[in-house]
Amino acid sequence: MDIFPIILGQRRTDISILTVLQHERRKMKIEGKVAVVTGAAGGIGRALVRRLVREGAKGVVLADRATNDLTEAAAATGGLAIACDVTRESDVRALIAATEDAFGQVDIFISNAGAYVPGDEDAPDDLWTGLWNLHLMAHVYAARDLMPKMAARGSGAFIVTSSAAGFLSHISSAPYAVTKNAAIAFAEYLAIEHGERNVQVSVLCPQRVRTPMTENLSGSASLADGMIEPEELATSVVEALDSGQFLILPHPTVLEYLQRKTADYDRWLRGMRKLRTKFRKS
Ligand SMILES: NC(=O)c1ccc[n+]([C@@H]2O[C@H](COP(=O)([O-])OP(=O)(O)OC[C@H]3O[C@@H](n4cnc5c(N)ncnc54)[C@H](O)[C@@H]3O)[C@@H](O)[C@H]2O)c1
(Lines give C-alpha, C1' and ligand atoms only; values in the text may rest on other atoms or scores of the structure.)
Protein backbone atom coordinates (compact mmCIF):
# COMPACT_ATOMS: atom_id res chain seq x y z
CA MET A 1 0.00 0.00 0.00
CA ASP A 2 1.27 3.45 -0.87
CA ILE A 3 1.23 5.41 2.39
CA PHE A 4 2.17 8.79 0.92
CA PRO A 5 -1.36 9.84 -0.15
CA ILE A 6 -2.62 9.00 3.34
CA ILE A 7 0.14 10.99 5.01
CA LEU A 8 -0.27 13.87 2.56
CA GLY A 9 -4.02 13.81 3.18
CA GLN A 10 -3.60 14.28 6.91
CA ARG A 11 -4.24 17.64 8.49
CA ARG A 12 -1.18 19.09 10.20
CA THR A 13 -2.45 18.28 13.69
CA ASP A 14 -3.21 14.67 12.66
CA ILE A 15 0.33 14.30 11.39
CA SER A 16 1.70 15.60 14.70
CA ILE A 17 -0.41 13.06 16.58
CA LEU A 18 0.81 10.29 14.28
CA THR A 19 4.41 11.36 14.80
CA VAL A 20 3.98 11.42 18.57
CA LEU A 21 2.37 7.96 18.56
CA GLN A 22 5.18 6.46 16.47
CA HIS A 23 7.72 8.21 18.66
CA GLU A 24 6.12 6.75 21.80
CA ARG A 25 5.95 3.29 20.27
CA ARG A 26 9.64 3.16 19.43
CA LYS A 27 11.12 4.10 22.78
CA MET A 28 13.44 1.48 24.25
CA LYS A 29 13.68 1.49 28.02
CA ILE A 30 16.88 -0.11 29.27
CA GLU A 31 15.65 -1.29 32.65
CA GLY A 32 14.99 -5.05 32.61
CA LYS A 33 16.33 -5.46 29.08
CA VAL A 34 19.08 -7.68 27.67
CA ALA A 35 21.89 -5.94 25.81
CA VAL A 36 24.90 -7.09 23.80
CA VAL A 37 27.82 -4.77 23.08
CA THR A 38 30.60 -5.75 20.68
CA GLY A 39 34.07 -4.26 20.98
CA ALA A 40 33.33 -4.12 24.69
CA ALA A 41 36.78 -4.96 26.04
CA GLY A 42 37.75 -1.30 26.10
CA GLY A 43 36.97 2.25 25.10
CA ILE A 44 33.47 3.12 23.98
CA GLY A 45 32.11 -0.42 24.27
CA ARG A 46 33.18 -0.79 27.86
CA ALA A 47 31.70 2.60 28.81
CA LEU A 48 28.43 1.59 27.14
CA VAL A 49 28.32 -1.64 29.14
CA ARG A 50 28.97 0.21 32.39
CA ARG A 51 26.13 2.61 31.61
CA LEU A 52 23.69 -0.11 30.55
CA VAL A 53 24.33 -1.96 33.82
CA ARG A 54 23.79 1.27 35.75
CA GLU A 55 20.51 1.89 33.89
CA GLY A 56 19.17 -1.44 35.20
CA ALA A 57 19.60 -3.82 32.25
CA LYS A 58 18.70 -7.39 33.23
CA GLY A 59 21.73 -8.79 31.43
CA VAL A 60 24.62 -7.24 29.55
CA VAL A 61 26.94 -9.28 27.36
CA LEU A 62 30.39 -7.99 26.45
CA ALA A 63 31.80 -9.38 23.21
CA ASP A 64 35.32 -8.85 21.91
CA ARG A 65 38.18 -10.75 20.36
CA ALA A 66 40.67 -9.30 22.88
CA THR A 67 39.95 -12.00 25.44
CA ASN A 68 42.21 -10.86 28.29
CA ASP A 69 40.85 -7.33 28.29
CA LEU A 70 37.36 -8.74 27.85
CA THR A 71 37.55 -10.86 31.00
CA GLU A 72 38.82 -7.88 32.96
CA ALA A 73 36.13 -5.57 31.54
CA ALA A 74 33.37 -8.06 32.37
CA ALA A 75 34.63 -8.40 35.93
CA ALA A 76 34.80 -4.60 36.29
CA THR A 77 31.35 -3.91 34.85
CA GLY A 78 29.33 -6.90 36.04
CA GLY A 79 28.52 -8.16 32.54
CA LEU A 80 28.96 -11.56 30.91
CA ALA A 81 32.03 -11.98 28.65
CA ILE A 82 31.76 -13.87 25.39
CA ALA A 83 34.78 -14.10 23.08
CA CYS A 84 33.80 -13.24 19.53
CA ASP A 85 35.46 -12.18 16.31
CA VAL A 86 32.67 -10.15 14.73
CA THR A 87 34.12 -10.60 11.24
CA ARG A 88 33.12 -14.28 11.42
CA GLU A 89 29.41 -14.90 10.96
CA SER A 90 29.58 -18.17 12.96
CA ASP A 91 31.01 -16.24 15.94
CA VAL A 92 28.28 -13.58 15.76
CA ARG A 93 25.55 -16.23 15.59
CA ALA A 94 27.15 -18.11 18.51
CA LEU A 95 27.28 -14.84 20.51
CA ILE A 96 23.58 -14.22 19.97
CA ALA A 97 22.69 -17.85 20.72
CA ALA A 98 24.72 -17.81 23.95
CA THR A 99 22.99 -14.58 25.03
CA GLU A 100 19.57 -16.09 24.31
CA ASP A 101 20.54 -19.19 26.32
CA ALA A 102 21.63 -17.04 29.24
CA PHE A 103 18.90 -14.36 29.20
CA GLY A 104 16.10 -15.44 26.84
CA GLN A 105 16.45 -12.86 24.04
CA VAL A 106 18.46 -9.91 22.80
CA ASP A 107 16.62 -6.59 23.23
CA ILE A 108 19.45 -4.19 22.47
CA PHE A 109 22.40 -4.98 20.18
CA ILE A 110 25.19 -2.44 19.89
CA SER A 111 27.44 -3.40 16.99
CA ASN A 112 30.41 -1.36 18.04
CA ALA A 113 33.68 -3.22 17.36
CA GLY A 114 35.96 -1.31 15.05
CA ALA A 115 39.52 -0.34 14.28
CA TYR A 116 41.28 2.65 12.78
CA VAL A 117 44.01 1.98 10.24
CA PRO A 118 45.50 4.72 8.06
CA GLY A 119 45.83 4.16 4.32
CA ASP A 120 44.88 5.46 0.91
CA GLU A 121 43.73 3.67 -2.23
CA ASP A 122 47.11 1.88 -2.36
CA ALA A 123 46.51 0.18 0.98
CA PRO A 124 46.75 -3.61 0.51
CA ASP A 125 43.61 -5.54 -0.36
CA ASP A 126 43.64 -7.41 2.94
CA LEU A 127 43.49 -4.09 4.82
CA TRP A 128 40.51 -2.97 2.71
CA THR A 129 38.79 -6.32 3.11
CA GLY A 130 39.56 -6.50 6.82
CA LEU A 131 37.95 -3.11 7.52
CA TRP A 132 35.04 -3.91 5.19
CA ASN A 133 34.36 -7.08 7.16
CA LEU A 134 34.75 -5.29 10.50
CA HIS A 135 32.81 -2.10 9.71
CA LEU A 136 30.11 -3.51 7.46
CA MET A 137 29.78 -7.30 7.38
CA ALA A 138 29.83 -7.59 11.19
CA HIS A 139 26.64 -5.47 11.25
CA VAL A 140 25.16 -7.50 8.39
CA TYR A 141 25.82 -10.79 10.25
CA ALA A 142 24.16 -9.50 13.43
CA ALA A 143 21.20 -8.05 11.51
CA ARG A 144 20.64 -11.31 9.59
CA ASP A 145 20.16 -13.13 12.88
CA LEU A 146 18.40 -10.46 14.94
CA MET A 147 16.18 -8.45 12.60
CA PRO A 148 13.66 -11.24 11.91
CA LYS A 149 13.41 -11.97 15.66
CA MET A 150 13.02 -8.32 16.65
CA ALA A 151 10.54 -7.68 13.84
CA ALA A 152 8.47 -10.74 14.85
CA ARG A 153 8.37 -9.54 18.48
CA GLY A 154 7.71 -5.96 17.41
CA SER A 155 10.49 -4.66 19.66
CA GLY A 156 14.23 -4.33 19.78
CA ALA A 157 17.01 -1.84 19.29
CA PHE A 158 19.95 -2.23 16.93
CA ILE A 159 22.70 0.36 17.11
CA VAL A 160 25.53 0.52 14.59
CA THR A 161 28.67 2.36 15.61
CA SER A 162 29.95 4.24 12.59
CA SER A 163 31.88 7.50 12.90
CA ALA A 164 31.70 11.15 11.90
CA ALA A 165 34.17 9.98 9.23
CA GLY A 166 31.32 7.98 7.72
CA PHE A 167 29.60 11.28 6.87
CA LEU A 168 32.58 13.62 6.53
CA SER A 169 35.34 11.35 5.21
CA HIS A 170 38.81 11.18 6.75
CA ILE A 171 42.01 12.85 5.62
CA SER A 172 44.28 9.93 6.54
CA SER A 173 42.32 6.77 5.89
CA ALA A 174 40.30 5.94 2.81
CA PRO A 175 39.46 2.41 4.06
CA TYR A 176 38.19 3.78 7.39
CA ALA A 177 36.10 6.57 5.79
CA VAL A 178 34.64 4.31 3.11
CA THR A 179 33.74 1.40 5.38
CA LYS A 180 32.24 3.70 8.02
CA ASN A 181 30.19 5.32 5.25
CA ALA A 182 28.93 1.86 4.30
CA ALA A 183 27.91 1.28 7.92
CA ILE A 184 25.71 4.40 7.82
CA ALA A 185 24.13 3.30 4.54
CA PHE A 186 23.37 -0.13 6.00
CA ALA A 187 21.84 1.35 9.16
CA GLU A 188 19.67 3.64 7.02
CA TYR A 189 18.48 0.65 5.03
CA LEU A 190 17.63 -1.32 8.19
CA ALA A 191 15.76 1.65 9.67
CA ILE A 192 13.67 1.99 6.52
CA GLU A 193 13.06 -1.75 6.19
CA HIS A 194 12.27 -2.58 9.81
CA GLY A 195 11.22 0.70 11.41
CA GLU A 196 7.53 0.11 10.83
CA ARG A 197 7.81 -3.18 12.72
CA ASN A 198 8.86 -1.22 15.76
CA VAL A 199 12.54 -2.16 15.55
CA GLN A 200 14.58 0.85 16.53
CA VAL A 201 17.70 1.25 14.40
CA SER A 202 20.21 3.98 15.17
CA VAL A 203 23.66 4.91 13.96
CA LEU A 204 26.29 6.33 16.28
CA CYS A 205 28.66 8.81 14.59
CA PRO A 206 31.13 10.36 17.04
CA GLN A 207 34.19 12.44 16.35
CA ARG A 208 37.07 12.03 18.77
CA VAL A 209 36.49 10.03 21.94
CA ARG A 210 39.19 9.35 24.53
CA THR A 211 39.80 5.60 24.12
CA PRO A 212 42.73 3.28 23.34
CA MET A 213 41.97 3.95 19.65
CA THR A 214 42.78 7.65 19.91
CA GLU A 215 45.51 7.31 22.55
CA ASN A 216 48.42 7.11 20.15
CA LEU A 217 47.00 9.09 17.27
CA SER A 218 48.71 12.23 16.14
CA GLY A 219 48.37 14.45 13.10
CA SER A 220 44.84 14.39 11.73
CA ALA A 221 43.44 13.35 15.07
CA SER A 222 45.13 16.23 16.84
CA LEU A 223 43.43 18.60 14.39
CA ALA A 224 39.99 17.21 15.01
CA ASP A 225 37.94 19.21 17.45
CA GLY A 226 36.15 18.24 20.61
CA MET A 227 37.63 15.18 22.29
CA ILE A 228 34.97 13.76 24.64
CA GLU A 229 35.02 11.04 27.26
CA PRO A 230 33.36 7.68 26.46
CA GLU A 231 30.98 8.26 29.40
CA GLU A 232 29.60 11.38 27.68
CA LEU A 233 29.05 9.34 24.53
CA ALA A 234 27.22 6.69 26.57
CA THR A 235 24.79 9.39 27.71
CA SER A 236 24.01 10.21 24.06
CA VAL A 237 23.29 6.53 23.38
CA VAL A 238 20.99 6.24 26.40
CA GLU A 239 19.14 9.38 25.27
CA ALA A 240 18.76 7.95 21.76
CA LEU A 241 17.36 4.67 23.13
CA ASP A 242 14.92 6.73 25.14
CA SER A 243 13.86 9.01 22.29
CA GLY A 244 14.04 6.52 19.43
CA GLN A 245 16.14 8.85 17.27
CA PHE A 246 18.12 7.40 14.37
CA LEU A 247 21.13 9.67 14.36
CA ILE A 248 23.29 9.65 17.47
CA LEU A 249 25.73 12.55 17.36
CA PRO A 250 27.60 12.96 20.64
CA HIS A 251 29.35 15.92 18.93
CA PRO A 252 26.42 18.08 17.73
CA THR A 253 28.72 20.04 15.36
CA VAL A 254 28.82 16.96 13.12
CA LEU A 255 25.25 17.72 12.04
CA GLU A 256 26.30 21.27 11.17
CA TYR A 257 29.26 19.96 9.10
CA LEU A 258 26.97 17.49 7.36
CA GLN A 259 24.48 20.23 6.52
CA ARG A 260 27.29 22.41 5.13
CA LYS A 261 28.57 19.46 3.07
CA THR A 262 25.22 18.71 1.47
CA ALA A 263 24.49 22.42 0.94
CA ASP A 264 27.66 22.95 -1.10
CA TYR A 265 29.69 19.83 -1.83
CA ASP A 266 32.48 21.62 -3.73
CA ARG A 267 32.97 24.16 -0.95
CA TRP A 268 33.12 21.30 1.54
CA LEU A 269 35.75 19.50 -0.58
CA ARG A 270 37.85 22.68 -0.73
CA GLY A 271 37.67 22.90 3.06
CA MET A 272 38.71 19.27 3.43
CA ARG A 273 41.65 19.81 1.06
CA LYS A 274 42.80 22.74 3.23
CA LEU A 275 42.55 20.56 6.32
CA ARG A 276 44.55 17.84 4.60
CA THR A 277 47.27 20.32 3.56
CA LYS A 278 47.43 21.70 7.10
CA PHE A 279 47.75 18.18 8.49
CA ARG A 280 50.44 17.13 6.03
CA LYS A 281 52.52 20.20 6.93
CA SER A 282 52.19 19.69 10.67
N1 LIG B 1 37.50 6.71 19.67
C2 LIG B 1 37.04 7.51 18.71
O3 LIG B 1 37.47 8.68 18.63
C4 LIG B 1 36.03 7.03 17.73
C5 LIG B 1 35.45 7.97 16.86
C6 LIG B 1 34.50 7.56 15.94
C7 LIG B 1 34.12 6.23 15.90
N8 LIG B 1 34.69 5.33 16.74
C9 LIG B 1 34.25 3.95 16.63
O10 LIG B 1 33.83 3.49 17.90
C11 LIG B 1 34.01 2.09 18.00
C12 LIG B 1 34.76 1.78 19.29
O13 LIG B 1 36.03 2.40 19.21
P14 LIG B 1 36.93 2.72 20.47
O15 LIG B 1 37.39 4.10 20.32
O16 LIG B 1 36.28 2.28 21.73
O17 LIG B 1 38.17 1.81 20.09
P18 LIG B 1 38.96 0.72 20.95
O19 LIG B 1 40.12 0.33 20.11
O20 LIG B 1 39.18 1.20 22.31
O21 LIG B 1 37.89 -0.46 21.01
C22 LIG B 1 37.56 -1.22 19.89
C23 LIG B 1 37.33 -2.63 20.36
O24 LIG B 1 36.92 -3.41 19.22
C25 LIG B 1 37.53 -4.68 19.35
N26 LIG B 1 37.61 -5.35 18.06
C27 LIG B 1 38.32 -4.99 16.96
N28 LIG B 1 38.17 -5.90 15.99
C29 LIG B 1 37.31 -6.84 16.47
C30 LIG B 1 36.76 -8.04 15.94
N31 LIG B 1 37.08 -8.46 14.71
N32 LIG B 1 35.92 -8.75 16.71
C33 LIG B 1 35.60 -8.35 17.97
N34 LIG B 1 36.12 -7.25 18.53
C35 LIG B 1 36.96 -6.51 17.79
C36 LIG B 1 38.93 -4.38 19.91
O37 LIG B 1 39.51 -5.54 20.49
C38 LIG B 1 38.61 -3.28 20.91
O39 LIG B 1 38.36 -3.80 22.21
C40 LIG B 1 34.75 1.67 16.73
O41 LIG B 1 33.84 1.16 15.79
C42 LIG B 1 35.34 2.98 16.23
O43 LIG B 1 35.59 2.97 14.84
C44 LIG B 1 35.63 5.70 17.65
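Please refer to the structure placed before this passage.
Residues numbered from 1 in each chain as written. Predicted model: local features only at pLDDT ≥ 70, side-chain atom pairs only at ≥ 80, totals over all residues.

### Brief notes about the overall build of the protein chain
Next, step 1: Per the secondary structure count, the protein chain includes 13 helices and seven strands.
Next, step 2: The proportion of buried residues among the 282 residues of the protein chain is 39%.
Next, step 3: Long-range contacts, defined here as pairs at least 24 residues apart, represent 68% of the contacts in the protein chain between residues at least 6 apart. (Helix = DSSP H or I, 4+ residues; strand = E, 2+ residues; numbered from the N terminus. Buried ≥ 20, exposed ≤ 12 C-beta atoms within 10 Å, placed from the backbone. Contact = placed C-beta atoms within 7 Å.)

### Considering the sheet that holds strand S7 (residues 247-248)
Next, step 1: Taking strand neighbours across the sheet as the criterion, the seven strands line up as S3-S2-S1-S4-S5-S6-S7 in an open arrangement whose pairing is parallel. Since the sheet does not close on itself, it has two edges, and those belong to strand S3 (80-83) and S7, each with one partner.
Next, step 2: One ladder, built from four bridges, connects strand S4 (residues 108-111) with strand S5 (residues 157-161); its direction is parallel. Residue pairing across strands places Ile-108 opposite Ala-157, the latter belonging to S5. (Pairing = 2+ DSSP bridges.)

### Some words on the site of the ligand
Next, step 1: In the vicinity of the ligand lie 28 residues, with Gly-39, Gly-43, Gly-114, Thr-211 and Met-213 positioned nearest.
Next, step 2: Counting only elements with at least two residues in the shell around the ligand, the list comes to helix H3 (43-54) and helix H9 (212-215).
Next, step 3: Counted by class, the shell around the ligand contains 12 nonpolar, 12 polar and four charged residues. (Near = placed C-beta within 6 Å. Nonpolar A, V, L, I, M, F, W, Y, C, P; charged D, E, K, R; others polar.)

### Topic: the nonpolar core
Next, step 1: Within the largest apolar cluster, 70 residues are counted, with the highest numbers of intra-cluster contacts made by Val-37, Leu-62 and Phe-158.
Next, step 2: In terms of residues, this core owes the most to one element, helix H6 (residues 125-153), which gives nine residues.
Next, step 3: If near-sequence neighbours (up to four positions away) are discounted, Phe-158 is found in contact with Phe-109, Ala-143, Leu-146, Met-150, Leu-190, Val-199 and Val-201. (Core = buried A, V, L, I, M, F, W, Y, C linked by C-beta atoms within 7 Å.)

### Description of the pairing of strand S1 (residues 34-38)
Next, step 1: Judged by how many residues are buried, S1 sits mostly within the fold: five of five residues are covered.
Next, step 2: Because side chains alternate across S1, one face comprises the buried residues Val-34, Val-36 and Thr-38, and the other comprises Ala-35 and Val-37, equally buried.
Next, step 3: As judged from the five bridges shared by S1 and strand S2 (residues 59-64), these two strands associate in the parallel manner. By the bridge assignment, Val-37 is partnered in S2 with Leu-62.
Next, step 4: With respect to chirality, the unit in which S1 leads through H3 into the neighbouring parallel S2 is right-handed.
Next, step 5: Judged from the three bridges that link them, S1 and S4 form a sheet pairing that is parallel. Across the sheet, Val-37 pairs through a bridge with Ile-110, a residue of S4. (Right-handed = clockwise from strand over helix to strand, strands pointing away.)

### Remarks on the environment of Val-49
Next, step 1: Mapped onto the elements of the fold, Val-49 is located in helix H3.
Next, step 2: By C-beta crowding, Val-49 is classed as buried, having 29 other C-beta atoms within 10 Å.
Next, step 3: Sequence separation between Val-49 and Ala-234 is 185 residues, and the spatial gap between their C-alpha atoms is 8.8 Å.
Next, step 4: For Val-49, the contacting residues outside a window of four places in its chain are Val-37, Ala-40, Val-60, Leu-62, Thr-77 and Gly-79.

### Overview of the environment of Leu-275
Next, step 1: Residue placement: Leu-275 occurs in helix H13 (residues 265-281).
Next, step 2: Classification of Leu-275 by C-beta neighbours within 10 Å gives partly exposed; the count is 14.
Next, step 3: Linking Leu-275 and Ile-171, residues 104 residues apart in sequence, is a C-alpha distance of 7.8 Å.

### Thoughts on the packing of H3 against helix H11 (residues 230-243)
Next, step 1: In contact at an axis separation of 9 Å, H3 and H11 are set at 60° when each is read in the N-to-C sense. With respect to H11, the axis of H3 lies oblique. Here H3 runs over H11; the crossing is right-handed. For the pair H3 and H11, the contacting residues are Gly-43, Ile-44, Ala-47, Leu-48 and Arg-51 in the first and Pro-230, Glu-231, Leu-233, Ala-234, Val-237 and Val-238 in the second. (Axes fitted to C-alpha atoms, helices over the stretch in contact; angles between N-to-C directions. Parallel < 35°, antiparallel > 145°, perpendicular 65-115°, else oblique. Left-handed = near helix turned anticlockwise from the far one by under 90°.)

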